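Residue-level structural notes
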Amino acid sequence: MVNRLTSRPLLIAGLLVVFIALAPIVVLFAQPPTYLTPAQLLTDPFLQLPTDTSVRVVWFTEFAGTRHSVAYGKGLRRVAIANTTKLSRTREDQKSRVGEQTEDAQVYQKPTLRDIWRHEAEVTGLTPGKRAPYQVTSVRNDGQLVKSNPFTLAAAPPPHTPLKILLTSDHQLMPMTAANLQKVAETVGRVDAIFLAGDLVNIPDRASEWFDDNRGGAFFPALQGQANYQLEKNNITTRYTGGELIQHAPLFPATGNHEVMGRFSMDRGLNDQFNDPIPRQVAADIYQQKSAQSNSNNPLIWLKEHSFNTDTYNEIFTLPGNENYYAITFGDIRLISLYITNIWRTPSLKPNTKGRYREREADLNNPTAWGYGQHIFELIKSGSPQYNWLKAELNSPEFQQANYKIVMFHHPPHSLGDNIVPPYTDPVQIIERDRNGTITAVRYDYPPQADYIRRDVIPLLENAGVQLVLYGHSHLWNRFVNAQGIHFLESSNVGNTYGAYLGEKQRQVPEGKDYAATGDPNGLEPILPTIAPLIGEDNQPLPYISSNDITVFSILDTSTGIVSSYRFDTRKPDSDIIKFDEFQIAPVRSQGFSLTKSIIPSLSLKYP
Ligand SMILES: [Fe+2]
């Protein structure tokens, strides 16, 4: 009895000791799984919207956190507090390659919202022309601090600052994108800005394509030197990290077709949604036909969800103007970025094709399943709001007085590539019926005389003295010069080329239509690279690069006005970068600059 009485307090004391010892472990396992992973930001910070004395710093986390800030300036003594927003449409689905999911639907069987927070701080009071160090800090809900590495930022450069601008497009997690950007950093060092002519990722609402695709080549990691992409060529695998570029330099994108999501759903896969936009007017007609009860939503939101949207793109970037088209001054450059892009649809004419030229036979009596051809997302034709805005911008003193006048958009005005056909115009729908009125075919024509880029946009640019038009979409490098002296550059050759159509090689165009099967449909001859063109099978120099092995990038140097293009052969990972072309877009007007000797060899080249 005595023993039992004395052992009970001992037992209680023992249990207490065990409980105290185990308590931290119990608490640890009771936390959400993210707390077991090392504290990290989802991206490094990047720069947006520089003004004369300020710049925005933007980064992302997978936690809401309690405080997000940027320390900057000498000794990192100044602090800017960030505004935090949550991305509203970023999701993962069965086709995502993220986390443990390496094959379809291992983790995600349908679109699932992914919680991602965006932090943006305006860093003010900067001295023009002076770079400052900065570092971002996010405080998690449990109080833990997560810091980025230190980087540098600057306000918009003052006039006459020599700048190196990366001209690029169509990254889309392509196999050579990380290699391409790594070679940019190795060749040029830190660029001062990046002009990206659209198609940043493939499916804009798929979060991992921006942040952490598990194949290692997502958008932000590749532009921040944090990629981990294994590229295999000839049984040799090389790991590429991309380049540490946008932590130090602002990114100015254009809206490409891969920035646009189609009709919204939480059931259908994200690829299906991407491929399923319909024209806004068609959605408006459907809305009108619906009952008053189902029209209770905000009509603008309803229209967007039932046609197309660029919400994720708009939520990720901070751009001037209406964001999808805008103009900025950066040093001696005035850049205009336009929203010129349409949905891409297959050229196939087979009966089961919802394509650019026809509707699927099975859908003929079901207009809600129609694709409406390659319809245009934002009007640019004469008299449209974007056209009028462009006209006013071209007449503005900011544009007129700029030394470098550059216009960027996604769809090609001149190209040997595939995607310049058919003409860039509203599809003309032709519905064929039999005697009973039953629909037998729905086809689409694209009248060449109504090509809005050629008919409406280019004359405006010619009259305004534009020097360079930058674009992408067909995944090749080629360039042109028109009679008025405008240079046209398509520098989107980071991989996955769709071919160059010259000579014997023909685009897939329907018979009886006046769509160009070869060459530039808008009548210019491609310019042969001035320094080291590739040599074709016939031993003649090629006026383009269209390759899945050789990647290309272009740099504008404002101290000389020269655009230089470089190529890198990924089959030879140890080989040098080769500068293969250069051209000057404008005479150098600023004091203190003179033409470098590098332009001289190109002038002495003999052309075949
Ligand atoms: Fe594109």
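As shown above, the structure is provided for reference.
Residues numbered from 1 in each chain as written. Predicted model: local features only at pLDDT ≥ 70, side-chain atom pairs only at ≥ 80, totals over all residues. Heavy atoms only, no water.

In the contact formed by helix α9 (residues 385-394) and helix α11 (residues 452-464), the axes pass within 10 Å of each other and the chain directions differ by 10 degrees. In this view, α9 runs roughly parallel relative to α11, as classed from their interaxial angle. Across from Tyr 387, Leu 390, Lys 391 and Leu 394 in α9, the residues of α11 making contact are Asp 456, Val 457, Leu 460, Leu 461 and Ala 464. Grouping the constituent residues of the contact of α9 with α11 by class yields seven nonpolar, no polar and two charged. (Axes fitted to C-alpha atoms, helices over the stretch in contact; angles between N-to-C directions. Helix = DSSP H or I, 4+ residues; strand = E, 2+ residues; numbered from the N terminus. Parallel < 35°, antiparallel > 145°, perpendicular 65-115°, else oblique. Contact = heavy atoms within 4.5 Å. Nonpolar A, V, L, I, M, F, W, Y, C, P; charged D, E, K, R; others polar.)

If you look at the biggest cluster of nonpolar residues, it comprises 111 residues, and the most contacted ones within it are Phe 60, Phe 195, Phe 211, Phe 219, Phe 317 and Leu 461. Within the second largest apolar cluster, 20 residues are counted, among which are Trp 59, Phe 63, Ala 80 and Ala 82. (Core = buried A, V, L, I, M, F, W, Y, C linked by side-chain atoms within 4.5 Å. Buried < 20%, exposed > 50% of the residue type's maximum accessible area, 1.4 Å probe, protein only.)

On to the sheet that holds strand β1 (residues 46-48). One open sheet holds the four strands; their spatial order is β1-β2-β8-β5, and the pairing between them is antiparallel. In this open sheet, the two strands that pair with only one neighbour each are β1 and β5 (83-86). Each adjacent strand pair in this sheet contributes to an overall mean axis angle of 30 degrees, direction not counted. Where strand β2 (residues 55-61) lies against strand β8 (residues 117-123), seven bridges are found, and the strand directions are antiparallel. Pairing of Thr 61 across the sheet is with Trp 117, part of β8. (Pairing = 2+ DSSP bridges.)

For the iron ion, the protein coordination sphere consists of Asp 199 (OD), Asn 257 (OD1), His 410 (NE2) and His 473 (ND1), at 2.0 to 2.2 Å. Motif for the iron ion, donor spacing along one chain: D-x57-N-x152-H-x62-H. Here Asp 199, found in the loop between β13 (193-196) and α3 (207-210), pairs with His 473, found in the loop between β22 (468-471) and β23 (477-481); they are 274 residues apart in sequence, far enough to count as distant. In this pair, the class of Asp 199 matches that of His 473, namely buried. (Donors = N, O, S within 2.8 Å, 3.2 Å for Na, K, Ca; no water.)

Shape descriptors only; they carry no functional weight alone.
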